[in-house]
Amino acid sequence: MGAQAYQEVLSDPKLPPSHDPREIEPVKRVAARIIDAAKKSKYADTANKFDWEVTVIKDDKTMNAFALPGGKIAVYTGIFPVAKNEAGLAAILGHEVTHALARHGGERMSQGLLAQGGVLVGSLVGASFGIDPGITQLAGGALAQYGVILPYSRAHESEADHIGLLLAADAGYDPHEAVRVWQRMEQVSKGQPPEFLSTHPGHETRIKQLEAWMPEALAHYHPQPGMQVAELPQVAAH
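Residues numbered from 1 in each chain as written. Predicted model: local features only at pLDDT ≥ 70, side-chain atom pairs only at ≥ 80, totals over all residues. Heavy atoms only, no water.

Enquirer: I would appreciate a short explanation of helix α5 (residues 86-101) in the present structure.
Expert: Think of an α-helix as 3.6 residues a turn; residues three or four steps apart then line up on the same face. For α5, which comprises 16 residues, the first-to-last C-alpha distance of 21 Å matches the rise-based estimate of 22 Å (1.5 Å per residue) to within 8%. The buried fraction of α5 is high, at 16 of 16 residues. One side-chain oxygen of the residue at the start of α5 lies 3.1 Å from the amide nitrogen of Ala 87, identifying that residue as Asn 85. Looking at the residues trailing α5, positive phi occurs at Arg 103, about 60 degrees. (Helix = DSSP H or I, 4+ residues; strand = E, 2+ residues; numbered from the N terminus. Expected span 1.5 Å × (residues − 1). Buried < 20%, exposed > 50% of the residue type's maximum accessible area, 1.4 Å probe, protein only. Polar contact = N/O pair within 3.5 Å; in protein donor to acceptor, adjacent residues only side chain to side chain.)

Enquirer: I'm lost on the packing of aromatic side chains in this one. Help?
Expert: Given two aromatic rings, their pairing is described by the distance between the two centres and the angle made by the two planes. Across all of its chains, the model carries 2 aromatic pairs by this definition. Here Arg 206 stacks its cationic end above the ring of Trp 182, 3.9 Å away from the centre of that ring. (Phe/Tyr/Trp six-rings, centres within 6.5 Å; stacked < 30°, edge-to-face > 60°. Lys NZ or Arg CZ within 6 Å of the ring centre and 35° of its normal.)

Enquirer: Explain the nonpolar core to me, please; I cannot follow it from the model alone.
Expert: Nonpolar side chains in soluble globular proteins generally cluster together in the buried interior. Residues Ile 73, Val 75, Val 97 and Leu 101 are the most contacted members of the largest nonpolar core, which totals 51 residues. Per-element tally for this core: the top contributor is α5, with 9 residues. Leave out the neighbours within four places in its chain, and Val 75 touches Val 27, Thr 55, Val 56, Ile 57, Asn 64, Ala 65, Phe 80, Leu 89 and Leu 93. Counting residues in each nonpolar core, the second largest holds 7 residues, with Tyr 6, Ile 57, Phe 66 and Ala 74 among its members. (Core = buried A, V, L, I, M, F, W, Y, C linked by side-chain atoms within 4.5 Å. Contact = heavy atoms within 4.5 Å.)

Enquirer: Can you help me understand the sheet that holds strand β2 (residues 65-68) in this one?
Expert: Strand pairing in a sheet is mediated by backbone hydrogen bonds. Such pairs are either parallel or antiparallel. In spatial order, the strands read β1-β3-β2; together these 3 strands make up an open sheet with mixed pairing. On the outer flanks of this sheet lie β1 (53-57) and β2, each paired with one strand and no other. The mean angle between the axes of side-by-side strands here comes to 15 degrees, regardless of whether they run parallel or antiparallel. Examined bridge by bridge, β2 and strand β3 (residues 72-76) share 4 bridges and lie antiparallel to one another. Across the sheet, Ala 67 pairs through a bridge with Ile 73, a residue of β3. Its contacts with the sheet put α5 on β2 and β3, and the angle it makes with β2 is roughly 30 degrees. (Pairing = 2+ DSSP bridges. Axes fitted to C-alpha atoms, helices over the stretch in contact; angles between N-to-C directions.)

Enquirer: What am I meant to see in the pairing of β3 here?
Expert: For a regular strand, side chains alternate in direction, first toward one face of the sheet and then toward the other. With 5 of 5 residues buried, β3 is to be regarded as a mostly interior element. A two-sided burial pattern is seen for β3, the buried positions comprising Lys 72, Ala 74 and Tyr 76 on one face and Ile 73 and Val 75 on the other. Pairing analysis gives 5 bridges linking β1 to β3, with the strands arranged parallel. Following the sheet pairing, Glu 53 is matched in β3 by Lys 72. Hairpin geometry of β2 and β3 is characterised by an intervening segment of 3 residues between the two adjacent antiparallel strands and by a positive phi of about 100 degrees at Gly 70.

Enquirer: Just checking my understanding: could you explain the packing of α5 against helix α8 (residues 176-188) for this structure?
Expert: Each pair of packed helices can be described by the angle between their axes along with the distance between the axes. Between α5 and α8, whose axes approach to 8 Å, the crossing angle comes to 85 degrees. Judged by the angle between their axes, α5 and α8 are roughly perpendicular. Between α5 and α8, the residues in contact are Ala 87, Gly 88, Ala 91 and Ile 92 and Glu 177, Ala 178 and Val 181, respectively. Tallied by class, the residues present in the contact of α5 with α8 amount to 5 nonpolar, 1 polar and 1 charged. (Parallel < 35°, antiparallel > 145°, perpendicular 65-115°, else oblique. Nonpolar A, V, L, I, M, F, W, Y, C, P; charged D, E, K, R; others polar.)

Enquirer: Explain the environment of Pro 233 to me, please; I cannot follow it from the model alone.
Expert: Looking at the element boundaries, Pro 233 is found in the segment after α9 (203-220). When its relative accessible area of 22% is taken as the criterion, Pro 233 is described as partly exposed. Excluding residues that lie within four positions of it along the chain, Pro 233 makes contacts with Arg 22, Glu 23 and Phe 80.

Quick look at the structure:
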């Protein structure tokens, strides 16, 4: 499914892959280091089985990057201003790669199926008491959405932040840059929904967690002499 989804993204004529070496080379350099770190992490078995592939998508308006099951990575050029440099990109890719390694997508699918089952049961029970099935289905959907799916999703996000921070540090990138990434993200993503209605932790929560994990990350961080940590190319304003 990951490979299929990846091909669908790459075949979208509105989102062509970048052919600019200034955009491609730093992304592939960082991804290679993150992948190498993953192959030595607690997810080594999974990382070594993945058929890794990295694509840079030329879309300066979209602040996004993802890693799908199987190791298919895509980075949109619109994330460059938030990442700012290769260390920031390492924090982002570490996060996304963790989602794939920890099989968060499969867990979310399982949660979704359970939630659908709960909504169906709620509708049947409600109907037995003479309640409009449409109302109980809506209520069940709300309970499933805000009581089950989103909290688990926030847990996945926090786990990806934590493990991703360690992967970036293991790859030789300063983990402090992860905090700066989310500070920049906070500046450009005003109007975020309240944390309890969001699939992601609030920016303040995220930054506090990263700062709490920083001593652990610094123990993983060993700067490599001569390692390049370049600024990412500038892209069109959002």
